[in-house]
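Residue-level structural notes
Chain residues, written in single-letter form:
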Amino acid sequence: MATPLSADKLLKALRDEGLHVVEHRSWRTNNRNHKGAWGPTHGVMIHHTVTSGTASSVELCYNGHSALPGPLCHGVIAKDGTVHLVGNGRANHAGLGDDDVLRAVIAEKALPPDNEVNTDGNRYFYGFECVNLGDGKDPWPAAQLLAIERAAAAVCRAHRWSQRSVIGHLEWQPGKVDPRGFTMNSMRTRIGKRLSGAPDGPADPPPKPTYEPFPGASFFKAGRNSPVVTAMGKRLVAEGCGRYAVGPGPAWSEADRQSYAAWQRKLGYAGGDADGVPGKTSWDRLKVPNV
């Protein structure tokens, strides 16, 4: 039984384990806490995304979809071993599972078969989604497997848990198959060996990107106040698309929308495709400096 890690403590634990961690958008406040309890935490659950491509997988796990709102986990582990943090708090990843399995995780004993769905796992487990199609053919690169090992060990080390506190989704809920492509027993063995030694220490920080990555269409809404909006506005003015009487400034406004619509039209978009709400393709072409 443990109090959930704060955003800062989770980030530090992951980086201290030697992971390259990307903080995705507003991950620190992205959660489902308004729908149910978060904590006490008892373990770490590993999943596969059934998707390909890092950017689209991270966006999916951050936002969720119509049938299952995001976040869909706490971190997305890419093929190259990068961990993208997308949630902090309750997340829609575990679903209902077996209370006998939960008791075994808490006691850090061998897992029984999962044959019931009577316990809310979203309350008790950290979740990591790993980018993989889950078809048994999509490979698991060594860098990704190492990152899974490190991420799970980081959380366990922070809570003073053993590798027995790490399970796969397939060990929690009947009918689930993830993660498919390696065994959880082999992964727990790796995690146990890692926990027997000291953490690797922080990895060298990656170079800061030249341009601001696309923050997602939902970022651009009334009430948003960010230096990203100012940087965007300055680029729109430089491209001859500014429609500002004053500014640009950090608060998203109608003038920003009209200016961006002018940029979309300059790129050849029309109708609903030039509505002033940024999309990834037009955003990337605007080359907003990183802030």
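Residues numbered from 1 in each chain as written. Predicted model: local features only at pLDDT ≥ 70, side-chain atom pairs only at ≥ 80, totals over all residues. Heavy atoms only, no water.

Here's the deal with the side chain of Thr-51
Going by this rule: Helix and strand labels come from DSSP, where a helix needs a run of H or I of at least four residues and a strand needs a run of E of at least two; each type is numbered from the N terminus. Here the term buried applies to any residue with accessible area under 20% of the maximum for its type, exposed to any over 50%, and partly exposed to those in between, with areas from a 1.4 Å probe on protein chains only. Polar contact is defined as a pair of N or O atoms within 3.5 Å, subject to the rule that within protein one atom must be able to donate a hydrogen and the other to accept it, and that residues adjacent in sequence are counted only when both atoms are side-chain atoms. By definition in these notes, contact holds between two residues if any of their heavy atoms fall within 4.5 Å.
For Thr-51, the position within the fold is in the loop between β2 (43-48) and α2 (54-63). A relative accessible area of 17% places Thr-51 in the buried class. Side-chain polar atoms of Thr-51 contact the side chain of Thr-49, separated by 2.6 Å. Ignoring anything within four residues of it in the chain, the contact list for Thr-51 reads Ser-57, Leu-60, Val-131, Asn-132 and Leu-133.

Focus: the pattern of salt bridges
Close approach of charged atoms lets side chains of opposite charge pair. Under the convention used in this document: The rule for a salt bridge is simple: a side-chain nitrogen of Lys or Arg has to be within 4 Å of a carboxyl oxygen of Asp or Glu.
For the structure shown, the criterion picks out 19 salt bridges. Salt-bridge contacts for Glu-23 lead to Arg-28; the nearest nitrogen and oxygen are separated by 3.1 Å. For Glu-23, a relative accessible area of 34% gives the class partly exposed. Look at Arg-28 and you get partly exposed, because its relative accessible area is 33%. With a shortest N-O distance of 2.6 Å, Glu-254 and Arg-257 are connected by a salt bridge. You can see Glu-254 and its partner Arg-257 sitting in helix α7 (residues 254-266), 3 residues apart, about one turn around the helix. Under the relative-accessibility criterion, Arg-257 is labelled partly exposed at 29%.

Considering the sheet that holds strand β10 (residues 166-168)
Hydrogen bonds between backbone groups are what pair the strands of a sheet, and the pairing can be parallel or antiparallel. Test applied: Any two strands with at least two DSSP bridges between them are considered paired. Where helices are involved, their axes are fitted lines through C-alpha atoms of the stretch in contact, as for all axes, and angles between N-to-C directions lie from 0 to 180°.
Strand order across the open sheet formed by 6 strands is β1-β6-β5-β9-β2-β10, with mixed pairing between neighbours. A strand with exactly one partner marks an edge of an open sheet, and here the two such strands are β1 (21-23) and β10. Neighbouring strand axes in the sheet, compared pairwise and without regard to direction, differ in orientation by 25 degrees on average.

Overview of the packing of aromatic side chains
The test is simple: Two rings belonging to Phe, Tyr or Trp (six-membered ring only in the last case) form a pair when the distance between their centres is within 6.5 Å. Interplanar angles under 30 degrees mark stacking, angles over 60 mark edge-to-face geometry, and anything in between is tilted.
One pass over the structure, following the stated rule, counts 8 aromatic pairs. Considering the side-chain rings of Phe-219 and Phe-220, the 5.1 Å spacing of their centres and the 80 degrees angle between planes classify their relative orientation as edge-to-face. Accessibility expressed as a relative area gives 6% for Phe-220, which makes it buried. Following the ring pairs from residue to residue traces out a cluster consisting of Phe-214, Phe-219, Phe-220, Trp-252 and Trp-283.

Concerning the nonpolar core
One recurring pattern in soluble globular proteins is that nonpolar side chains are buried together. Our working rule: By convention a nonpolar core is built from buried Ala, Val, Leu, Ile, Met, Phe, Trp, Tyr and Cys residues, the set being connected through side-chain atoms within 4.5 Å.
Membership of the largest hydrophobic core comes to 35 residues, with the highest contact counts inside it found for Leu-14, Val-44, Ile-46, Phe-128 and Ile-148. Those elements that place two or more of their residues in this core are α1 (7-16), β2, β6 (83-85), β9 (125-130), α4 (142-159) and α5 (184-195). Per-element tally for this core: the top contributor is α4, with 9 residues. Each residue touching Ile-46, except ones within four places of it in the same chain, is listed here: Phe-128, Cys-130, Ile-148, Val-166, Ile-167, Gly-168, His-169, Asp-178, Pro-179, Phe-182 and Met-184. Core analysis: the next-biggest nonpolar cluster, separate from the first, contains 17 residues, Phe-219, Val-228, Val-229 and Ala-262 among them.

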